[in-house]
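# An overview of the molecular structure
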Amino acid sequence: MERSATVDRTLGFTSGGHGEERVMADLEASEIRELIEPLRVPPGGTVDLPKDFDPDYKAGFLHKHDGKQLLKRGVELLTEYQARLAAQDTCGLLVVLQAMDAGGKDGTIKHVMSGVNPQGVTVHSFKVPSAAELSHDYLWRYAQCAPSRGEIAIFNRSHYEEVLVVRVHPENLDRQRLPSSARDDGIWHRRYREINDWERYLGDNGFRVVKILLNISKDEQRLRFLKRLDRPDKNWKFSSADVIERGYWDDYQSAFSQMLSHTSTAWAPWYVVPADHKWFARICASAVIANALIELDPHYPEVSKSAQRELAKARKALEAEAPPG
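Let me begin by describing the structure that accompanies this report. What you see is a predicted model; the values in this text were computed from it and never measured.

Time to look at the environment of Val 210. Structurally, the position occupied by Val 210 is in strand β4 (residues 207-215). On the basis of relative accessible area, Val 210 is assigned to the buried category, the value being 1%. Residues Val 210 and Ile 289 lie 79 residues apart in sequence; the distance between their C-alpha atoms is 7.3 Å. Ignoring sequence-local partners within four residues, the contact set of Val 210 consists of Leu 93, Leu 94, Val 95, Val 96, Pro 269, Tyr 271, Val 288 and Ala 292.

Pasting the structure below:
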């Protein structure tokens, strides 16, 4: 990804200027779209993840000290639109987060969603499926956690594990007890189609789906694993299985490339967020989610004239109870 004049304008930078002066404070919807457009996977395109998206990209004119103000503005936008979404109670938003281990999913959720009302947001982390979950179709457990109207649901890992981990380790299909007719060579393309259809179904019913891949490099993952080993307060995050999975790096990159190529759609696009720099990844993630909410365009409900009269009566009654003086 190369720096462009479009991205310069989007973030409020001018040649030779200072980012702190005007960063994201007056971003409009069109400007947010310009910021995230280089990260969007065009529907119908073919993706080679290692070649097409640079995990180290951070828009060369940006520096880490700009990040706090940028993220602050992004969180403000999310807070405002999430309040409207909850008040309107008509639509919902599903945010899908995928990444390799140590890709920054937990930190992104913590920082990006820091200002929203926790009553309007649910976070679901999908681990190894239980026996009960395996008794159903592979999308069943994810459908149980889809957002309610007025709500944002975040999938920390998601239904895409079914075409990532399961594809890299096809022995997992044995636990799903599929009929032999469902385990032929076309299984992955069927799953892409089924996932696309399910996401379209959600969209047709008022639930927007937006998908973020936090794209981390192999060396940055190695450094983050070492930090988990070196810091006692991070030891709990490390598992020896993480190193074993790291040995399948190229297989995962291929699986991600296939996933992006087949499941980025007009109704549920993928955004590949560079994740080697956590501060930049969080800025981009906040912009992607804010853009989805802006496109939903929720509004506070209008109060009818009769309801306004009732409010006026209530005000008079409360004012009449005021103590003397």
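That covers the picture; the talk isn't over yet.
On to the environment of Asp 54, then. By the element assignment, Asp 54 lies in the loop between α4 (49-52) and α5 (64-88). Along the sequence, Asp 54 and Pro 274 sit 220 residues apart, while their C-alpha atoms lie 6.4 Å from each other. Polar side-chain contacts of Asp 54 include one of 3.0 Å to the backbone nitrogen of Asp 56.

Turning to the layout of surface pockets, a few remarks are in order. For the largest pocket, the calculated volume is near 1,400 Å³. In this structure, the largest pocket is lined by 48 residues; those nearest its centre are Asp 101, Lys 105, Lys 127, Arg 157 and Asp 242. The residue inventory of the lining of the largest pocket, partitioned by class, reads 19 nonpolar, 10 polar and 19 charged.

Looking only at helix α6 (residues 105-112), the buried set comprises Lys 105, Gly 107, Thr 108, Ile 109 and Val 112. Buried residues along α6 sit against α5, β1 (92-99), β2 (121-125), β3 (152-156), β4 and α15 (278-296).

Okay, a positive patch on the surface next. Judged by side-chain charge, Lys 64, Lys 68, Lys 227 and Lys 278 come together as a positively charged surface patch. Structurally, the position occupied by Lys 68 is in helix α5. A residue is classified by how much of its surface remains accessible, and Lys 68, at 73% relative accessible area, is exposed.

Attention shifts here to empty space enclosed by the protein. What the rule picks out here adds up to 3 cavities of 30 Å³ or more. Considering only enclosed or pocket space, the second largest cavity measures out at about 40 Å³ in volume. Broken down by element, the residue count for the lining of the second largest cavity peaks at 3 residues, all from α6. Tallied by class, the residues present in the lining of the second largest cavity amount to 7 nonpolar, 1 polar and no charged.

Turning our eyes to something else, we now look at the pairing of strand β5 (residues 270-274). Here β5 lies mainly inside the structure; 5 of its 5 residues are buried. Residues Trp 270, Val 272 and Pro 274 point to one face of β5 and Tyr 271 and Val 273 to the other, with burial holding for every one of them. When β4 meets β5, the two strands line up parallel, connected through 5 bridges. The residue bridging Ile 212 from the neighbouring strand is Tyr 271, located in β5.

Another point: the pattern of salt bridges. Taken as a whole and assessed by the stated rule, the structure comprises 18 salt bridges. Ionic pairing is found between Glu 295 and Arg 208, a salt bridge with its closest N-O pair at 2.7 Å. Taken together, the residues Glu 295 in helix α15 and Arg 208 in strand β4 connect sequence positions 87 residues apart. Residue Arg 208 is classed as buried on the basis of its relative accessible area of 15%. Arg 222 serves as the salt-bridge partner of Asp 219, at 2.9 Å between the closest nitrogen and oxygen. In this pair, Asp 219 and Arg 222 are both assigned in helix α12 (residues 218-230), 3 residues apart and thus about one turn of the helix distant.

Reading the values: the criteria
- Residues numbered from 1 in each chain as written.
- Predicted model: local features only at pLDDT ≥ 70, side-chain atom pairs only at ≥ 80, totals over all residues.
- Heavy atoms only, no water.
- Helix = DSSP H or I, 4+ residues; strand = E, 2+ residues; numbered from the N terminus.
- Buried < 20%, exposed > 50% of the residue type's maximum accessible area, 1.4 Å probe, protein only.
- Contact = heavy atoms within 4.5 Å.
- Polar contact = N/O pair within 3.5 Å; in protein donor to acceptor, adjacent residues only side chain to side chain.
- 1 Å grid on protein atoms, 1.4 Å probe; cavity = no way out; pocket = protein on both sides within 12 Å on 5 of 7 lines; lining within 4 Å.
- Points joined across faces, edges and corners; volume = space filled by probe spheres on them.
- Nonpolar A, V, L, I, M, F, W, Y, C, P; charged D, E, K, R; others polar.
- Patch = residues over 30% accessible without salt bridge, like charges linked within 9 Å, V, L, I, M, F, W, Y side chains within 5 Å.
- Areas by Shrake-Rupley, 256 points an atom, 1.4 Å probe, with all protein chains shown as cover.
- Salt bridge = Lys/Arg side-chain N within 4 Å of Asp/Glu carboxyl O.
- Lys, Arg positive; Asp, Glu negative; His and termini not counted.
- Charge placed at Lys NZ, Arg CZ, Asp CG, Glu CD.
- Pairing = 2+ DSSP bridges.

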